[in-house]
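One letter stands for each residue in the lines below.
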Amino acid sequence: MPTILLAEDEAAIAETVLYALRAEGFAAEHVLLGGQVLPRLARGGVDLVILDVGLPDASGFEVCRRLREHHALPVIFLTARSDEIDRVLGLELGADDYMAKPFSPRELVARVRARLRRHEGGQARQRGRFEIDSEAHRIRYAGHWLELTRYEHALLGELLRRPGAILGRAQLLDRVWADALESGERTVDTHVKTLRAKLRALDPARDPIRTHRGLGYSIEVD
Ligand code: CA
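Residues numbered from 1 in each chain as written. Predicted model: local features only at pLDDT ≥ 70, side-chain atom pairs only at ≥ 80, totals over all residues. Heavy atoms only, no water.

### Remarks on the sheet that holds strand β2 (residues 27–31)
The strand order β2-β1-β3-β4-β5 describes an open sheet built from five strands, whose pairing is parallel. If you trace the sheet from one side to the other, it starts and ends with β2 and β5 (97–100), each paired once. Geometrically, the sheet is characterised by an average inter-axis angle of 20° between neighbouring strands, direction not taken into account. Of the pairings in the sheet, the one linking strand β4 (residues 75–79) to β5 comprises four bridges and is parallel in character. Along β5, the bridge assignment pairs isoleucine 76 with aspartate 97. Docked against the sheet, helix α1 (residues 11–23) engages β1 (3–7), β2 and β3 (48–52), running at close to 165° with respect to β2. (Pairing = 2+ DSSP bridges. Helix = DSSP H or I, 4+ residues; strand = E, 2+ residues; numbered from the N terminus. Axes fitted to C-alpha atoms, helices over the stretch in contact; angles between N-to-C directions. Contact = heavy atoms within 4.5 Å.)

### Here we look at the coordination of the calcium ion
Listed as protein donors to the calcium ion are Asp9 (OD), Asp52 (OD) and Gly54 (O); their distances from the metal cover 2.2 to 2.4 Å. Look at where the donors of the calcium ion fall in the sequence and you get D-x42-D-x1-G. A residue pair is termed long-range when its members are at least 10 positions apart, and aspartate 9 in the loop between β1 and α1 and glycine 54 in the loop between β3 and α3 (60–67) qualify at 45 residues. (Donors = N, O, S within 2.8 Å, 3.2 Å for Na, K, Ca; no water.)

### Description of the pattern of salt bridges
The final tally for this structure, using the stated rule, is 20 salt bridges. One salt bridge in this structure joins aspartate 203 and arginine 129, with 3.0 Å as the shortest N-O distance. With aspartate 203 in the loop between α8 (185–202) and β10 (209–212) and arginine 129 in the loop between β6 (124–127) and β7 (130–133), this residue pair connects regions lying 74 residues apart in the sequence. The residues aspartate 203 and arginine 129 share a single accessibility class, namely buried. Where aspartate 203 meets arginine 206, a salt bridge forms, and the shortest distance between an N and an O atom there is 3.3 Å. The exposure class assigned to arginine 206 is partly exposed, which follows from its relative accessible area of 31%. (Salt bridge = Lys/Arg side-chain N within 4 Å of Asp/Glu carboxyl O. Buried < 20%, exposed > 50% of the residue type's maximum accessible area, 1.4 Å probe, protein only.)

This is how it looks when you write it as structure tokens:
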């Protein structure tokens, strides 16, 4: 039974949503404040978050941004104003979907179901702060889908297969550039460099790719 966390300060809306979720067999939990979302997620067991954009202590956007630093679970926004919708549609916040108020609780539950199915059955695998969607051929990091070239994608995918394991340049060349006409060990370094820059652009505080002198590279996912 999937557990849904709802952050909503309007009692009437919260009640309707919780009722609709429970009627469809979900476990539903409710918090009133944005500040309660992360502590609840840290305890584990939540599969999806429904986030009201207009919360009393923090905007749902801010909560989502902080949440995305640690979690890749699906997020659905509840919005009340059209300018909020514009921001959600920008999709820079890492939200998966949104519903504009007033909305049909049945429709929301259908969206919840669809997002969960896509998240779990859609072959999205989580590796710490990375989420790999092998079906869509994309990787999410710190809440954002990365824009990668073909070889950057393959390189990152290879490193993420076994976080922490050191892969030598020759090994990476063999697995990632097997079909490349021309490549040398410098090719690996060049791509690691551009990949690092893209990851750093999303989170300047971290550098998940480790260089092991004389040995190769590994990735840290937490
Ligand atoms: Ca509200």
